[in-house]
Amino acid sequence: RSPLMESLDLSCVQGIIAGGAASPPSLVDEARRRFGAEYSIRYSSTESGGVGLGTAFGAPDSEALHTVGRPRPGVEVRIADDRDVAVEIGEVGELQLRSEAVMDGYWGDPEGSAAALTPDRWLRTGDLARIDDAGCVVLCGRRTEMYIRGGYNVFPSEVEAALADHPGVLDIAVAPRPDDVMGEVGVALVVARDAADPPRLEQLRAHGAD
C-alpha cells in the first residue's frame, strides 16, 4: 500500500514467503498481482521449532488463498478432538504437529509443557483447523475465539476472510457479543478505505452472502 509501489522496479522479486500468521486471501491475491510473484504462506511456531506447513509456489487459488498448505518434510500433522484423537477428513478440530524439531518442553514449567504436548509428543497448537479434499490444512481460528450463534460454531477468521476483499474495506476484525435470542452474534469492526464513504451494512451482507 506504499505510494512508492508505482515508481519502483519490482522485477527482481520472484517469490514472497510470509509467516507469523495466516495471510488473508485478499492480501495473497493483491501481493501476487502487484509484485508479479508467487506467494507462499508458512505456518509454524516457536514451539514447533519454526517448522510446520506451507503453501506451494504456483499453487492453485484453492490452496494459495484459503489454506496454510501441507506439512513440510519430516513434519506430521493431524486434526484432533478434545481427547487428542484424530478426527475425520473435513471435520474441525485442533491442529497438532509432530516432528524432531518440536520443543522438549517449556523450561521450568512442567504443567505448561504437559498442556502443550500430548504423551506421544504431538504439539497442541491451540488453532482450530480442518483438512480439505486436496490434503491442505485450512485454519478456522483459535479455540478461544470461536463463538456459537444459535447452535452453529462460527470462526471469526472465516468471516473476516469473506469480507476483507470488499473494495471498501481496508481492515476488519470480527468479535462476538451476547444476544438474547441467538446466544451470541458476530460484530464486524471495519476500517474503511475511504472514511468519507464507508461500506454500508447491507453492502457487506450482500458481499458475504455466498
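Residues numbered from 1 in each chain as written. Predicted model: local features only at pLDDT ≥ 70, side-chain atom pairs only at ≥ 80, totals over all residues. Heavy atoms only, no water.

1. Side note on the layout of surface pockets
Quantified by volume, the largest pocket comes out at close to 1,100 Å³. At the level of elements, helix H1 (25-35), strand E2 (38-43), strand E7 (123-131), strand E8 (137-142), helix H4 (156-164) and strand E11 (169-179) are the ones that each hand at least two residues to the lining of the largest pocket. The residue inventory of the lining of the largest pocket, partitioned by class, reads 23 nonpolar, 9 polar and 14 charged. A volume near 640 Å³ is recorded for the second largest pocket. In this structure, the second largest pocket is lined by 21 residues; those nearest its centre are Tyr-147, Val-159, Leu-163, Gly-186 and Arg-205. In terms of residue count, the dominant contributor to the lining of the second largest pocket is strand E12 (residues 183-192) (5 residues). Residue composition of the lining of the second largest pocket, grouped by class: 14 nonpolar, 3 polar and 4 charged. (1 Å grid on protein atoms, 1.4 Å probe; cavity = no way out; pocket = protein on both sides within 12 Å on 5 of 7 lines; lining within 4 Å. Points joined across faces, edges and corners; volume = space filled by probe spheres on them. Helix = DSSP H or I, 4+ residues; strand = E, 2+ residues; numbered from the N terminus. Nonpolar A, V, L, I, M, F, W, Y, C, P; charged D, E, K, R; others polar.)

2. With respect to the nonpolar core
Counting 18 residues, the largest nonpolar core has Tyr-39, Tyr-43, Leu-53, Leu-95, Leu-97 and Val-137 as its most contacted members. Counting residues per element, this core draws most heavily on E2, at 3 residues. (Core = buried A, V, L, I, M, F, W, Y, C linked by side-chain atoms within 4.5 Å. Buried < 20%, exposed > 50% of the residue type's maximum accessible area, 1.4 Å probe, protein only.)

3. Notes on the side chain of Ser-23
Structurally, Ser-23 is set in the loop between strand E1 (15-18) and H1. A polar contact of 2.8 Å, which involves the side chain of Ser-23, links it to the side chain of Tyr-39. (Polar contact = N/O pair within 3.5 Å; in protein donor to acceptor, adjacent residues only side chain to side chain.)

4. Regarding the side chain of Ser-40
The topology assignment puts Ser-40 in strand E2. Judged by its relative accessible area of 0%, Ser-40 falls in the buried class. A polar side-chain atom of Ser-40 sits 2.8 Å from a polar atom in the side chain of Arg-42.

5. Brief notes about the confidence of the model for the protein
Confidence in the prediction of the protein, expressed as mean pLDDT, is 92, and 100% of residues score 70 or more. The weakest mean pLDDT in the protein belongs to strand E10 (residues 152-154) at 84; the strongest belongs to strand E5 (residues 76-80) at 98. (pLDDT = per-residue confidence, 0-100.)

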